[in-house]
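Observations on the model geometry
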Amino acid sequence: MRTGSQILVTGRHVFWWITAFFAVVIGVNATMAILALSTFNGVSEDEAYVDGLAFNETLKAVDEQQAMGWSVSTNLDRPGGLVANIRAEYLDSSNIALTHLNVRAEFVRPVHQGYDFSVFLQQTGPGVYTAATSVPLAGQWTVRLIAEYNASQINQFARPYVLTYRTVIR
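Below, the structure is looked at part by part. (Residues numbered from 1 in each chain as written. Predicted model: local features only at pLDDT ≥ 70, side-chain atom pairs only at ≥ 80, totals over all residues. Heavy atoms only, no water.)

Some details on the overall build of the protein
Of regular secondary structure, the protein possesses three helices and seven strands. Taken from N to C terminus, the helices and strands of the protein fall in the order α-α-α-β-β-β-β-β-β-β. In terms of overall dimensions, the protein is more spread out than a globule: its C-alpha atoms have a radius of gyration of 29 Å, far above the 15 Å expected for 170 residues. Along the first, second and third principal axes, the C-alpha set of the protein runs to 100 × 40 × 25 Å. Within the protein, the proportion of its 170 residues that are buried is 21%. If you take every contact in the protein between residues at least 6 apart in sequence, the share linking residues at least 24 apart comes to 61%. (Helix = DSSP H or I, 4+ residues; strand = E, 2+ residues; numbered from the N terminus. Rg over C-alpha atoms; globule rule 2.2 N^0.38 Å. Buried < 20%, exposed > 50% of the residue type's maximum accessible area, 1.4 Å probe, protein only. Contact = heavy atoms within 4.5 Å.)

Topic: the nonpolar core
Grouped together as the largest cluster of nonpolar side chains are 23 residues, with contacts concentrated most on Trp 70, Ile 86, Tyr 90, Leu 101, Ala 105, Phe 107 and Leu 121. Listed by contribution, the elements that provide at least two residues to this core are strand 2 (83-91), strand 3 (101-108), strand 4 (117-125), strand 5 (128-134), strand 6 (139-149) and strand 7 (161-169). Once residues within four sequence positions are removed from consideration, Leu 101 is found in contact with Trp 70, Tyr 90, Tyr 129, Ala 147, Glu 148, Tyr 149 and Asn 150. (Core = buried A, V, L, I, M, F, W, Y, C linked by side-chain atoms within 4.5 Å.)

Quick word on the sheet that holds strand 7
Spatial ordering of the open sheet is given by 1-2-5-4-3-6-7, a layout of seven strands whose pairing is antiparallel. One side of each edge strand has no neighbouring strand; the edge strands of this open sheet are strand 1 (71-80) and strand 7. Strand after strand, the sheet turns through a mean of 25° between neighbouring axes, direction not considered. Judged from the three bridges that link them, strand 4 and strand 5 form a sheet pairing that is antiparallel. By the bridge assignment, Gln 122 is partnered in strand 5 with Thr 130. (Pairing = 2+ DSSP bridges. Axes fitted to C-alpha atoms, helices over the stretch in contact; angles between N-to-C directions.)

What about a nonpolar patch on the surface?
The grouping of Val 9, Val 14, Trp 17, Ile 18, Phe 21, Phe 22, Val 25 and Ile 26 at the surface amounts to a nonpolar patch, some 790 Å² of accessible area in total. Relative to the assigned elements, Val 25 resides in helix 1 (residues 11-38). (Patch = residues over 30% accessible without salt bridge, like charges linked within 9 Å, V, L, I, M, F, W, Y side chains within 5 Å. Areas by Shrake-Rupley, 256 points an atom, 1.4 Å probe, with all protein chains shown as cover. Salt bridge = Lys/Arg side-chain N within 4 Å of Asp/Glu carboxyl O.)

Looking at the pattern of salt bridges
For the structure shown, the criterion picks out four salt bridges. In this structure, Arg 144 and Glu 106 form a salt bridge, with 3.1 Å as the shortest nitrogen-oxygen distance. With Arg 144 in strand 6 and Glu 106 in strand 3, this pair connects stretches of sequence that are 38 residues apart. With a relative accessible area of 17%, Glu 106 lands in the buried category. Shared partners join several salt bridges into a network, and the residues in it are Arg 104, Glu 106, Arg 144 and Glu 148.

Focus on the pairing of strand 3
Here eight bridges tie strand 3 to strand 6, and the two strands are oriented antiparallel to one another. Bridged to Leu 101 within strand 6 is Tyr 149. Here strand 3 runs beside strand 4; their pairing, made up of five bridges, is antiparallel. Within strand 4, the position partnered with Ala 105 by the bridge is Val 119.

These values are about where atoms sit, not about what they do.
Next up, the structure:
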């Protein structure tokens, strides 16, 4: 019932307003839940827990690598497009070029799974290893250079020498 220009609010009006409010809240929450479940789940490493437990081994490997005394100078040239030219020079603790190494570069895409790849570097001079490659996507990449002696060589260092850095390839 109206009295003048005032609107009378009844229990039925309040019921429908509250029902509409909760319907909107439930609808938005359902939409957000569906979108969250259908997109990236946040897991980028399947064995993150196991890798975390092996962290002491990683620290030991870093100490052993530093004890090797190698010096490595690297250059990642990006001439344009999705092309990357890698050059790495390896010297031992006496500044003698390290030859006959197996050197590979692992390209890891930190934000997209399924695009990781490896390329082997060829020795082009004493201690100098190079490779040219192209990446499948532009953007940020983690490049891991892994150098190790050939299986036929006897050496006191059994672990590979690993150097990791990030770069942007456009």
